[in-house]
Amino acid sequence: MLACVIVAAGVLADQRYTMTHRTALEQRVRDGMQVIRFALQTEIAADFATIRHLASEAAINSDPAQLRRAAAILGYGKDHIRTFEYKAGPAAAAETLYARANAPAGAAVSPPTAPEGGQMLRLGDDAFRFSVPLPGAGADGEGLFAMTVDARGLLQASGLLPPDNGMPAAGPLPLADLQWAIRHVAPEAASLDIGPRFATGAAPETARLDVPGGAFEILAAPQGGWDTPPENRFAIRLAIFLAGAAIMIPAAVTGILFRDRNRYVAELKRREKKLRDLSQRLNLAMDSADIGIWEVKLDGHVLLWDDRSAALHGCAPSFADDEDRISDWTASIHPDDRERIEAQAFAYSCIAVTDTTDLNYRVVLPDGAVRHLRSVGAHSVGEEGESRLIGVVLDVTADALMTQTLRDAKQTSDIKNAELELALDELSSREQELSELSHKFDLALASYNCGIWEADPVSATALWDERMHQLYGLPYSPHRLDQQGWLSCLHPDYRERVLAATNKALETATTINTLQQILLPNGEPRYVRSVGQVHVGRDGKEKIIGIAFDVTADALLAEELRAAKAEADARNIELELAKNRIEFNALHDPLTALANRRKLDDELDRLGRASPTSGTRFAILHLDLDRFKEINDTLGHAAGDAVLTHAADILSQAVEKDDLVARIGGDEFVILITRPVTTEELSLLSERIIEEMRKPVDFDGFSCRCGVSIGIARSQGIGSDPRKVLINADIALYQAKEKGRNGYEFFSQALQANIVTRKRLADDILAGLERDEFTVWYQPQFDATTMRLTGAEALVRWQHPDQGILASGRFLRLAEDLNVMARIDQLVLETALRDKMRWMAQGIDLPRISVNVSSRRLHDPALVDQLRGLSIRPGEIAFELVESIFLDDSDDPASANLADIKALGIDVEIDDFGTGHTSIVSLLRLKPKRLKIDRQLVMPILNSPQERALVRSIIDIARSLGVETIAEGVETPAHAELLRTLGCDELQGYAFAKPLPFAEFARFAARRAGAPTAREA
């Protein structure tokens, strides 16, 4: 019965596997058809994209040569493309733009009209034609592009067929186990099969791919047909047979094994009884020794222990034999030992070694007591091959405590021994130091010839050493010397004085320090310094111990110094008088007798020290004489000195007694007022000074007149810095001179802000030159008659990082003060030359560029050498010189430079003509190429007959001198027409174009190249 069931199940399994194989074949065929459809659709879409790209190129640029290059580029490497054809319109003939080298020969066929989305038509049996209309063409088909491709080449390009050259495809498609074919279906033509042919009776699956103008049918079937058996049918049937045998054979073997089982059970019961007896004896031994047993299963890191192990660790017994107690074990370990024990336990459990494990650690019992435990175990392998650790744990608290006690005793003993050794070393070191110190002391006393004495104040006797006897001129005696013997050695004038000083030092318990003069047996005097200190000995008795040394040289020197001091005191009185004269001269101006800059600095420092606390209010007037330099240059320095003396007298009489008047420079004065003063009082004082300074000063019959400009600044409350106030007064003085001189100006925050702004702008200019922030814009110039572009004026612009584009009026004046105009002029010239070359490369012919040149640049001796290094062609650059540049006969550097500039072929133009002081004689000497009439004269000519007549006169004068004229500031067409009538040669202004950067000027010039002239318009 069991065998029949197994056979029937095997037959059903074989039939189901065959059906699954047929389903897999169908899915594989459908997947292959999808791959073929996607590959063909992708290639057709790519070809349509190619022909549409050519159509877009033709819509932008219909140049045939350009289209042929584009068609050759697109057809390169695509072997399935035969030709590209182009039809410009309905009446135009089709033109072949590209033909493959090995393409079949034939004339260009006029492509039909194409719908908006394009279409794909069949040509014969071996080619297709793709056609698309030109972008923007209407429904009537005014123009189209066509592309002819090989039918077989289309499949090769799709990756469905291998190339004809035999080279393997880059990525072959997974179609090896399929037979397939592709059929083209057209609305009004018979079907055409392309690609491989089907075997007869293949019963293929079909799919359809629609394309503009037709469709493709895809047919596919398995390579061996639908009835191809599975490759592993024999293996499957063999597996079914073996599975049946595997079920039947164990059933027979089971009966045999059941018989042997009963025999083995009886043997196991016998061994189990023996094992229980051994276990009972082991438990008795463990209970008596209080030893616990534990086991760690290494495969799962599970800790099992008996009740004795739990009790030793202060834990409750296990509820089950297989309960994991590893968390209880780690929790019971003393915190100081936990990390170490966990690391050792982990190492023992992870490294399979045959050595025993030995852990010593402490556990904390529930009542807080600490117990020392030792755990010993070893690795073993169970009957099933599992690795485990088995061991015992026992209480070693008594042994640990005894060991710790012995260790502490040994440590205490070691510390005491070390302290004793250190004390012995210290005592030996001090003995050595004392011996060395004593030796040094003896050497020091001997080198300085010092004697040592010891006196007893009670008995009035003293014990001297050998050097003491030598100092006092006595023969050496080891016996004590009494007070009378000591005093007899002293000069009579010193005995009473020295004895009184000694007794006073003893009464006050201070150091004895006396100077004694000794009369030696040969009559020579000797001075001895004796120094001593009261000392209490171990027996409690007081004694005086000291030293004495020879100071004869010092005493004699002191006498000489006292005499010298008396003489020096007399001389100091004379020096003090001279010092006062010198200080007066150092703090006052020798010409005007006013305070000088040093005196002013001292007063400012004094105010600065007092101002933070006292809040002293003060004011400073900074004065500068106007026209003083002209007086000095014309009448000489004696006249200048007379003017300065006169000014000093006026200032001294105008101020109060406590005010300070100082001359701090050649013609600069400062008045420091430290008393309370109002703004009105300061204004009146300034007006009075200005009025007095207007009065002439007579010098040798000449009347000298000069004015004065005054800057006034006041302190601003507590903490004002006087030097800052002086700077503020200087700022106000600068503003007064800017307003026309011979006046006064008060300092304000607006003035300071203006100075700060100028300083920041100056820093930005210097930084901008380093960062190449300056660029050049161009304003075109036109022929007044033909309106042709004749040139452009180069204008510097600043691309400020914060403020954007800045015109030259915002920064050129400050750049002149910074002495960087030469750099800016050079930058503009080099940029203009470089941009002109770039315009020439773009086909833009700009006849000339006018560049502004500053006066300082014109006087630069190195200007001509720099210009020679730039390779400037004659006539392409013109230098614009402002009319305010004064050129007289003595201006040799500028005149020489102008001559060399003209020799280099650079034209010279006079800019802003009509606003300066250029004379006709100057024009004749300079001989400029052009005059630029200033915009101030051009703007009002429409409404002002006077300005119109003036402009006509300038044009007539220029024409008579052979000089061309350019009108700048032409704002309207009416201005242009009037200036053309007046005979102006060239025009420049916003009526035609604003200043433009390089790119915009290039576009403007390109557009103007084809614009009509004024007469044609």
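Residues numbered from 1 in each chain as written. Predicted model: local features only at pLDDT ≥ 70, side-chain atom pairs only at ≥ 80, totals over all residues. Heavy atoms only, no water.

In the nomenclature of an unreviewed UniProt entry, the chain corresponds to EAL domain-containing protein from the organism Ciceribacter ferrooxidans.

*Asks:* For this particular structure, what's the right way to read the overall build of the chain?
*Replies:* In terms of regular secondary structure, the chain is built from 28 helices and 36 strands. Its C-alpha radius of gyration of 61 Å places the chain more than 25% over the 31 Å reference for a compact globule of 1017 residues. With respect to the three principal axes, the spread of C-alpha positions in the chain is 160 × 140 × 55 Å. Residues counted as buried form 38% of the 1017 residues belonging to the chain. Considering only contacts within the chain whose residues lie at least 6 apart along the sequence, 58% involve residues at least 24 apart. When the accessible surface of the chain is summed, it comes to about 58,100 Å², and 55% of that surface belongs to carbon and sulfur atoms. (Helix = DSSP H or I, 4+ residues; strand = E, 2+ residues; numbered from the N terminus. Rg over C-alpha atoms; globule rule 2.2 N^0.38 Å. Buried < 20%, exposed > 50% of the residue type's maximum accessible area, 1.4 Å probe, protein only. Contact = heavy atoms within 4.5 Å. Areas by Shrake-Rupley, 256 points an atom, 1.4 Å probe, with all protein chains shown as cover.)

*Asks:* Would you take a moment to explain the nonpolar core for this structure?
*Replies:* If you look at soluble globular proteins, the nonpolar side chains tend to sit buried side by side. Counting 73 residues, the largest nonpolar core has Tyr778, Trp839, Ile849, Phe879, Leu979 and Phe1001 as the members making the most contacts within it. At seven residues, helix H20 (residues 821-841) tops the list of elements feeding residues into this core. Not counting residues up to four positions away in its chain, the partners in contact with tyrosine 778 are Ala792, Glu793, Ala794, Thr831, Ala832, Asp835, Trp839, Ile849, Lys994, Pro995, Leu996 and Phe1001. Ranked by size, the runner-up nonpolar core spans 46 residues in total, among them Phe130, Leu155, Ile182 and Trp226. (Core = buried A, V, L, I, M, F, W, Y, C linked by side-chain atoms within 4.5 Å.)

*Asks:* How do you make sense of the sheet that holds strand E13 (residues 370-381) when you look at a structure like this?
*Replies:* Neighbouring strands of a sheet are bound in pairs by backbone hydrogen bonds; such pairs are parallel or else antiparallel. The antiparallel open sheet is built from five strands, whose spatial order is E11-E10-E14-E13-E12. Only two strands of the sheet have a single neighbouring strand rather than two, namely strand E11 (302-305) and strand E12 (357-364). Ignoring which end each strand starts from, the neighbouring axes of this sheet average 25° apart. Of the pairings in the sheet, the one linking E12 to E13 comprises eight bridges and is antiparallel in character. Bridge pairing in E13 places valine 363 opposite arginine 371. Contacts between helix H7 (residues 335-350) and the sheet are confined to E12, E13 and strand E14 (387-395), with E12 contributing the most and set at about 150° to the helix. (Pairing = 2+ DSSP bridges. Axes fitted to C-alpha atoms, helices over the stretch in contact; angles between N-to-C directions.)

*Asks:* What's the story with the packing of aromatic side chains in this structure? I'm lost.
*Replies:* When we look at a pair of aromatic rings, we describe it by the centre distance and by the angle of the planes. The full count for this structure, using the stated rule, is 17 aromatic pairs. Geometrically, the ring pair formed by tryptophan 329 and tyrosine 361 is edge-to-face, given 6.1 Å between the ring centres and 85° between the ring planes. Here tryptophan 329, found in helix H6 (residues 326-332), pairs with tyrosine 361, found in strand E12; they are 32 residues apart in sequence, far enough to count as distant. Neither residue differs from the other here; tryptophan 329 and tyrosine 361 are each classed as buried. Seen from their ring centres, tryptophan 839 and phenylalanine 1001 are 4.9 Å apart, and the 40° between their planes marks the pair as tilted. One end of the pair, tryptophan 839, is in helix H20; the other, phenylalanine 1001, is in helix H28 (residues 998-1009), with 162 residues separating them in the sequence. Considered together, tryptophan 839 and phenylalanine 1001 belong to a single accessibility category, that of buried residues. Taken together, the ring pairs connect Tyr778, Phe782, Trp839, Phe992, Phe998, Phe1001 and Phe1004 into an aromatic cluster. (Phe/Tyr/Trp six-rings, centres within 6.5 Å; stacked < 30°, edge-to-face > 60°.)

*Asks:* Explain the domain arrangement of the chain here, please?
*Replies:* Where interface size is quoted, it is often the accessible area lost as the parts come together. According to the domain assignment, the chain contains domain 1 (1-100 + 116-164 + 172-222), domain 2 (245-289), domain 3 (292-399), domain 4 (447-550), domain 5 (593-747) and domain 6 (759-1006). Its C-alpha centre places domain 2 at a distance of 30 Å from the equivalent point of domain 3. (Domains from an automatic or database assignment.)

*Asks:* For this particular structure, what's the right way to read the sheet that holds strand E9 (residues 214-222)?
*Replies:* Here we have four strands laid out as an open sheet, ordered E7-E6-E9-E8, and antiparallel in their pairing. Lying at the two open borders of the sheet, with one neighbouring strand each, are strand E7 (189-194) and strand E8 (205-211). The mean angle between the axes of side-by-side strands here comes to 20°, regardless of whether they run parallel or antiparallel. Sheet topology note: the strand E6 (residues 178-186)/E9 ladder contains eight bridges and is antiparallel. Counterpart to valine 185 in the pairing with E9 is alanine 215.

*Asks:* Help me out: how do you make sense of helix H18 (residues 749-770) in this one?
*Replies:* Each turn of an α-helix holds 3.6 residues, which means side chains three or four residues apart point in the same direction. When the terminal C-alpha atoms of H18 are compared, their 31 Å separation across 22 residues agrees well with the 32 Å that a helix rising 1.5 Å per residue should span. What H18 keeps buried is the set Leu751, Gln752, Leu761, Ala762, Ile765, Gly768 and Leu769. Taken together, the buried residues of H18 touch helix H17 (722-738), strand E27 (744-746), strand E28 (774-783), strand E29 (789-800), helix H19 (812-817) and H20. Downstream of H18 by one or two residues, aspartate 772 has phi in the positive range, about 55°. (Expected span 1.5 Å × (residues − 1).)

*Asks:* Looking at this model, I keep getting lost on the confidence of the model for the chain. Mind explaining?
*Replies:* Detailed reading of predicted coordinates is not advised where the pLDDT is low. Looking at the chain as a whole, the pLDDT averages 83, with 91% of positions reaching at least 70. Contacts from residues 886-890, a stretch scored under 50 in pLDDT, to residues over four places away or in other chains number 10 contacts. This model gives residues 1011-1017 a pLDDT under 50, and the stretch forms eight contacts once residues within four places in sequence are excluded. (pLDDT = per-residue confidence, 0-100.)

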